Amino acid sequence: MSGVPTSGVPTSVPHPVTDPRPIRVLLADDQTLVRAAFAMLVESAPDTAVVGQAGTGREAVALARDTRPDLIVMDIRMPDLDGIEATRLIAADEELAGVRVLVLTTYDTDENIVEALRAGASGFLVKDTRPADLLDAIRTVAAGEALLSPGPTARLIARFLRSPSGPPVAGGPEGLSEREREVLALVARGLTNTEIAEALGLSPLTAKTHVSRIMGKLGARDRAQLVIVAYESGLVTPRRT
């Protein structure tokens, strides 16, 4: 083989810098053509792969347990069991703790998005998004590094959490340090780790560490839940639009 001399000492062996394992995606949508289009897109990327397709929320839950995907692209409105309830069942299953849900909606003003985020979804995406943006969204949410479309999500949550229909998704911020409360407030405003670092005079790594520590203290699965906690606790109040 080239690059490996007969002495057995390699002269040049590539060291992969990323996980070669593709992101395993489960698609849940009641429209066959939509699923087919999404499947073609996901399969066209070298770092993503479709492991299953579901036409109802109940099928999505069953397939999630069978295939253990990294991420589920979940439509909100589906027969038998809607995407919100399906997300709630998946998030409550300890064996599916590593599965993240990206919900789909026709309009980004759909109030059901808030309930989906409360149920355990990690973010949302409108169906008419660009193909490249969908792939980026899948990578972002699967990595758990940032809330997808943080600005619109924060505004949406702020609007509908004025009359919350259920308990907070995680614990309150009472046990956080003053710095952690500052970071949480900025997360709720939709800032990325880099933007938080710039706002508080921190390094991006320190900002990321603060966010991770806050998630651990509050028992939150991801940044979407941090946004909800911040608004439900009153740490951040909705801005008038």
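Basis of the calculations
- Residues numbered from 1 in each chain as written.
- Predicted model: local features only at pLDDT ≥ 70, side-chain atom pairs only at ≥ 80, totals over all residues.
- Heavy atoms only, no water.
- Helix = DSSP H or I, 4+ residues; strand = E, 2+ residues; numbered from the N terminus.
- Buried < 20%, exposed > 50% of the residue type's maximum accessible area, 1.4 Å probe, protein only.
- Contact = heavy atoms within 4.5 Å.
- Pairing = 2+ DSSP bridges.
- Axes fitted to C-alpha atoms, helices over the stretch in contact; angles between N-to-C directions.
- Salt bridge = Lys/Arg side-chain N within 4 Å of Asp/Glu carboxyl O.

S.K.: Tell me about the overall build of the chain, residues and numbers included.
M.R.: If you tally the helices and strands in the chain, you get 10 helices and 5 strands. Taking all 241 residues of the chain together, 44% fall into the buried category. The long-range share in the chain, meaning contacts at least 24 apart out of those at least 6 apart in sequence, stands at 68%.

S.K.: Could you give an account of the sheet that holds strand 3 (residues 71-75), with specific residues and numbers?
M.R.: The 5 strands lie next to each other as 2-1-3-4-5, forming an open sheet whose pairing is parallel. Here the strands that pair on one side only, and so sit at the sheet edges, are strand 2 (48-54) and strand 5 (123-126). The mean inter-strand angle of the sheet, taken between neighbouring strand axes irrespective of direction, is 25°.

S.K.: Account for the pattern of salt bridges, with residues named and values stated.
M.R.: Taken as a whole, this structure holds 15 salt bridges when the rule is applied. When the shortest N-O distance is used, the salt bridge between Glu85 and Arg88 registers 2.5 Å. Of this pair, Glu85 and Arg88 both sit in helix 3 (residues 83-92), 3 residues apart, which is roughly one turn of the helix. By relative accessible area, Arg88 is classed as partly exposed at 32%. The network of salt bridges with common partners includes Asp29, Asp75 and Lys127.

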